[in-house]
Structures are given as C-alpha cells and as structure tokens.
Amino acid sequence: MATTRVLERGLAAVGLLQQARPLFTHQQSVDKAGVLFALPALMAQGLFKCTEVYKELSSGYYGLQSTILTLAFMALCRIKNPEQLKQQKVGELGALLGLDRVPETRCLREKLLQIVNQSKANAFNKLLLNHWLQGEDDFFFYIDGHVRIYFGNKANLPVKYISRQKLCLSATTEYWVNDQQGLPYLVFMGELNEKMQDVIEHQIVPELKAATEIAQRITDKTAILFTLVFDRECYEPGFFQRLWNTHQIAVITYRKNVKDKWEENIFKQYDVQVLNNTVTLLLCEQKVTLGGHHFREIRCLNEGGHQTAIITTNADITITQIASKMFCRWSQENFFKYLISDYDFDKMMQYGTQSIDDTKKIVNPEYRKITHKIKKYSEKIQRLEAKLYSIIEQINNEQLDHLPTFTVQQMKNTELILKLKAEKQLLVTQRTDIPNKITLKEMPEAKRFNKLKTESKLFMNVIKMICYRAETALAQTVAPFFYKEKNEKRMLIKQLFNTPADLIPSEKEKTLTIKLASLSAVRYNEAITQLCTFLNQTETIFPGTDLRMIFEN
C-alpha cells in the first residue's frame, strides 16, 4: 500500500536488495517534516553509533539505519508504538526517511525483533556513555530507581511498593543514572527485589569507572573518581565508607533518622544555584560521626524551623556546591515524569517472560507472610496497651462509685492483650522453623518468580535516551531567543516536530532544503529562525546520501 519504488521492493522481496537507499523528491507540506530539525541533534547524540554495535539486518527494503531512524522519529512525534502508525500518513512519514513509506506495523516489529535478538542493547548504551562523557572532567552521577507496574498475568513478579500510587503491586525496577540536568546516561534492568546498594556496587560503579577512564590518570590516593548522588533509599554509612575505601568514590545524600537540632543562630545565608535558578538558603556545616565513620554534614534551615540534613564524603567541594548538587536531584524525578507523560515510558515493546537463574536467593514468601502477621499483632497489642494505660489513669482520678466500670474494661483489655501475645508468640515459634531466605528453585514451580523479556525494553530505553537528549539540546538552543523560554521551550520543540514542511532536494547543489510552515505565534517563528541559523552551521549530511541539509523557516 502507498508504495512507488516498485522495482526495489520487488528485488527486496526475492532477497536481492540489502536495503533501499534514501531518495528524496520535491514534496510540499509533508506532515511532521519538522522532526527533521532534530536530525543534527540525534546524530550528535550518537543515534547512528548503532552501526558500530549491531550487525546489518537481513536483506530487505528497510535496513538498520532506516529502522532506527523510524523509531527515533516516532518517539519525537509521540507515536508511542508500531500499531499507532496505522493512524498516520505513512507515505509522508516515509518521505522523511527518503523512502516511499514507513514500514507497516508487522514489518517494523520484525525488524525490531532482528535488532533485539542480537542482545547488544547494553553494549550500545556503554558506547553512548563513552560518547556523552567525552570532554567531561567533573563527574556527578544521579542514581534513582523507576518502578514499572505490570498489569498482565503471564509473569510471576515480586511485589513492590509504588510510591506514586501508594500501593504494593507486581512490578519491575529500572535503575537510572542521570546527570545534574536530568539527562540520562545509563539504565540497568532489575530482576528481583535487588537493593539499590547492590546494584550500585556491582553493576553501576564498574560501568562508570570503565567509562570515565579516570583511574589510570589519578596518582593521588585521596583524589575522587566521581561522586554519586541519591536519596535515602541507599542510606548506610558503612556503604558510603566502603565506596570511598574501595573505589575512591564520594557520595552525597540525605541523612536519615535525624533527632537533634542545631542552633538556628549558626546558620548563614548563601546564594545557591539550583538548576537554572539562584536561591538564597540558610546553611550550616559541621563534622559528624555515623556508625564509626566521619562525614561532612550540611543542614538547610527551612521555613517553620525544619532542618534538612545532607551528608557527604566529598571533601573537595564547597557548602553551596553540596546543597546545589543535592537539591538538583529533582531533575531526575522530573525526567521520569516527563518520559511517562510524553514518551510512553513504561510501554512494553515485546511480550513474554524469561527464567531467572534459579540459584539466586530471595526472601522466603512464607517467612515474609508470617512476619507481616506478627507485625500486625504487635500493632494491635500496642494500641490496646495504650488504651489500658489510659484506663488506669482514669481509675486513679475517678471517684470510687465509678471504679467497677473501669475495672471491667481493664480486665477485658488485659485478657485480650494476653490472648494476642499468646497468638503472636505462636507465630514467632512457627517462624523459627521457616528459613529466612530460599533459592528460586526451592519455590513452588507455579509461583516461582520469572522476569519479563528485558532486551527490547532496554533497547527502546536507549533510543528514548537519545531522543530526550536531542530534544533537550534543541530546547536549550532556542531558549535565549524568546522571553517565555522557561515554560514554553519544550512545548515549542514539540510543536516544531509536528509541523509540516516542504522538502526541496537539489542534486546539482547537493542539498536538501527543509522549509518549515509557519508556527502558531510570531515569537515561535522568530525563535525557529534563530534555530535554523544554528543548525545550518552544522552542515549536516543526511545519512546514506551526499545531501547537505538546509533548514529554513
């Protein structure tokens, strides 16, 4: 349907064409052609480094490059899955690739499966990490977990607490590494209920150490390789000290269980840069010993007298830098929120389950179930004991003629408390015969944990990383050129991607001109004119051709 390059498609059908090359013709008002403005940024972010990792796909009309570019354009235009291509103008989307149409849904899924079956998503992510870190020398990495809810019934997944819904549901966890601005670096897929500390120590740290390539250049034993920033989930002073002693890695995080308050007169005002804003904060620093280990503790005095406590093992940065780095952690939360709403972040691209190494240990579900019951008994006993103390106080204060009533209440409460304590002790005794942890193979086969197929999700995560970084780069480029940039720069870029444009190729001049239609406001057109000037200076060549792209508004 909607094909014009019949000869090439015929050759592809009999296996005589590896892939169709891009071929542009003069077309007017091509739908969503504004997304081509993102191509220089996509290339700068390393989209086509996929060719260094993935092998070329089997012979056919669509090759690796056109498939990857299709997925990137879909993400930027908010086409959230291959099935939604049926609702688009497939011929005009194909014109953006230099082809007669984009792949149909089944074809795109087959191409995606060929990519996924190579199991190179981790290698692709590592290659991009090295690319993104080039030229950097001050490393602060933000780490957080994103819990993805599972609504199906084919997988047996562990139950996790979903903070945004305040419920415990079947889910998987992804562990993300971002920079201070929220731009993503790495993602790791969890299998079971791994502690974030273990993921950091055994997966994230080795990858970051290899990518930063600092270890070979440092001779000072006290020098910092890089600094990790995370929330209270990873709080453990011994873990922080182990990272420093073993890897020379510093941490910045919030302190837990703060029970003391510092005198308010020791706090001083500082101007702190938090993302793109300068705020005035009341800060104070002291040395503190936690679990036998020494840390710098910085507190921020908020309105109402609340003191936010931050601890760090980084001795090289100032008090204002520590506060800035910690409070910039919200950029990662905003990153998750944006991808959920705009990029269909939690969408499954491939259905099915995989087994997990059956020698892995987990908390015994039976042990956890009994522990939960014991906890509920303890809570009931505490409530009844509090009520009993209240009755005893009333007995001491009431007149003698009211004592019989309170005495009966006291006896009933005492009997109920003794009964509950006996039932609780029975559960405690029963729990002693149940192992705390078991291996997966010791679980009943019908309830044994498995995992969703992760390779396709990991691959699409990497594509969305590139797209988000490219979109952010364009938004930052246009920001200086209009006064409502803080609230409208991303909206402007999204409008740009969905705006029609004329495609004007010139074989004589070796150029491909993208002439954008007018946007919805004069200030947007003025900003995009400045963006055109910037993009034209990149002299981007459309991949697979010798045509230099020219952007006009």
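Here's what I pulled together on the structure shown here. (Residues numbered from 1 in each chain as written. Predicted model: local features only at pLDDT ≥ 70, side-chain atom pairs only at ≥ 80, totals over all residues. Heavy atoms only, no water.)

### A look at the pattern of salt bridges
- Taken as a whole and assessed by the stated rule, the structure comprises 27 salt bridges.
- Salt-bridge contacts for Arg 5 lead to Glu 8; the nearest nitrogen and oxygen are separated by 2.6 Å.
- Taking the relative accessible area as the measure of exposure, Arg 5 reaches 11% and is therefore buried.
- Classification of Glu 8 by relative accessible area gives partly exposed; the value is 21%.
- With a closest N to O distance of 3.7 Å, Lys 49 and Glu 52 form a salt bridge.
- Connected through salt bridges with shared partners, the residues Arg 78, Asp 342, Glu 471, Arg 490 and Lys 494 form a single ionic network. (Salt bridge = Lys/Arg side-chain N within 4 Å of Asp/Glu carboxyl O. Buried < 20%, exposed > 50% of the residue type's maximum accessible area, 1.4 Å probe, protein only.)

### Digging into the layout of surface pockets
- Quantified by volume, the largest pocket comes out at close to 1,200 Å³.
- Residue lining of the largest pocket: 34 residues in total, with Lys 160, Thr 173, Tyr 175, Glu 194 and Glu 233 positioned closest to the centre.
- Elements supplying a minimum of two residues to the lining of the largest pocket: β2 (140–149), β3 (159–162), β4 (167–178), α7 (196–212), α10 (330–342) and β13 (361–363).
- Class assignment for the residues of the lining of the largest pocket results in 12 nonpolar, 7 polar and 15 charged.
- Each pocket or cavity is described by its volume, and for the second largest pocket that value is around 700 Å³.
- What lines the second largest pocket is a set of 20 residues, and nearest its centre among them are Asn 276, Asn 334, Lys 486, Lys 489 and Arg 490.
- Of the residues that constitute the lining of the second largest pocket, the class distribution is 5 nonpolar, 9 polar and 6 charged. (1 Å grid on protein atoms, 1.4 Å probe; cavity = no way out; pocket = protein on both sides within 12 Å on 5 of 7 lines; lining within 4 Å. Points joined across faces, edges and corners; volume = space filled by probe spheres on them. Helix = DSSP H or I, 4+ residues; strand = E, 2+ residues; numbered from the N terminus. Nonpolar A, V, L, I, M, F, W, Y, C, P; charged D, E, K, R; others polar.)

### Considering the nonpolar core
- Membership of the largest hydrophobic core comes to 127 residues, with the highest contact counts inside it found for Phe 37, Leu 42, Phe 124, Ile 200, Leu 228 and Phe 459.
- The dominant element in this core, judged by the number of residues it contributes, is helix α13 (residues 455–478), at 13 residues.
- The next biggest cluster of nonpolar side chains, apart from the first, holds 19 residues, and it includes Tyr 142, Val 274, Ile 317 and Met 326. (Core = buried A, V, L, I, M, F, W, Y, C linked by side-chain atoms within 4.5 Å.)

### Describing the packing of aromatic side chains
- Following the criterion strictly, the structure yields 23 aromatic pairs and no others.
- Both rings, one in Phe 139 and one in Phe 141, keep their centres 5.9 Å apart while their planes meet at 15°; by these two values the pair is stacked. With respect to burial, Phe 139 and Phe 141 carry one shared label: buried.
- Judged by centre distance (6.4 Å) and plane angle (35°), the rings of Trp 262 and Phe 267 are tilted.
- Residue classification places Trp 262 among the buried residues on the basis of a relative accessible area of 10%.
- By relative accessible area, Phe 267 is classed as buried at 8%.
- Above the plane of the ring of Phe 140 lies Lys 325, whose end atom (NZ or CZ) is 4.3 Å from the centre.
- The ring centre of Trp 132 lies 4.2 Å from the NZ or CZ of Arg 469, which sits over that ring. (Phe/Tyr/Trp six-rings, centres within 6.5 Å; stacked < 30°, edge-to-face > 60°. Lys NZ or Arg CZ within 6 Å of the ring centre and 35° of its normal.)

### Some remarks on the pairing of strand β16 (residues 501–506)
- Pairing geometry for strand β1 (residues 27–30) and β16, over 2 bridges, is antiparallel. For Gln 27, the partnering residue across the bridge sits in β16 and is Leu 503.
- Two strands pair when backbone bridges link them, and β16 and strand β17 (residues 511–516) are joined in this way by 6 bridges, in the antiparallel orientation. The residue of β17 that forms the bridge with Ile 504 is Thr 513.
- Adjacent in sequence and paired antiparallel, β16 and β17 are bridged by 4 residues, among which Lys 510 carries a positive phi angle near 55°. (Pairing = 2+ DSSP bridges.)

### Quick look at the side chain of Glu 297
- Relative to the helices and strands, Glu 297 resides in strand β10 (residues 293–301).
- Taking relative accessible area as the criterion, Glu 297 reaches 1% and is therefore assigned buried.
- Polar contacts involving the side chain of Glu 297 include one to the side chain of Arg 255, which spans 2.8 Å.
- Within the structure, the side chain of Glu 297 is placed 2.7 Å from the side chain of Arg 299, a separation counted as a polar contact.
- In contact with Glu 297, other than residues within four places in its own chain, are Arg 255, Trp 262, Cys 284, Glu 285, Gln 286, Val 288, Ala 309, Ile 310 and Ile 311. (Polar contact = N/O pair within 3.5 Å; in protein donor to acceptor, adjacent residues only side chain to side chain. Contact = heavy atoms within 4.5 Å.)

### What to know about unusual backbone geometry
- Phi at Asn 257 is positive, roughly 55°, even though this residue is not glycine.
- Relative to the helices and strands, Asn 257 is located in the loop between β7 (250–254) and β8 (268–274).
- Here Asn 257 falls in the exposed class, since its relative accessible area comes to 62%.
- One non-glycine residue, Glu 539, lies in the positive phi region at around 50°.
- Structurally, the position occupied by Glu 539 is in the loop between α15 (522–537) and β18 (548–552).

Read these as layout, nothing more, since geometry by itself doesn't imply function.
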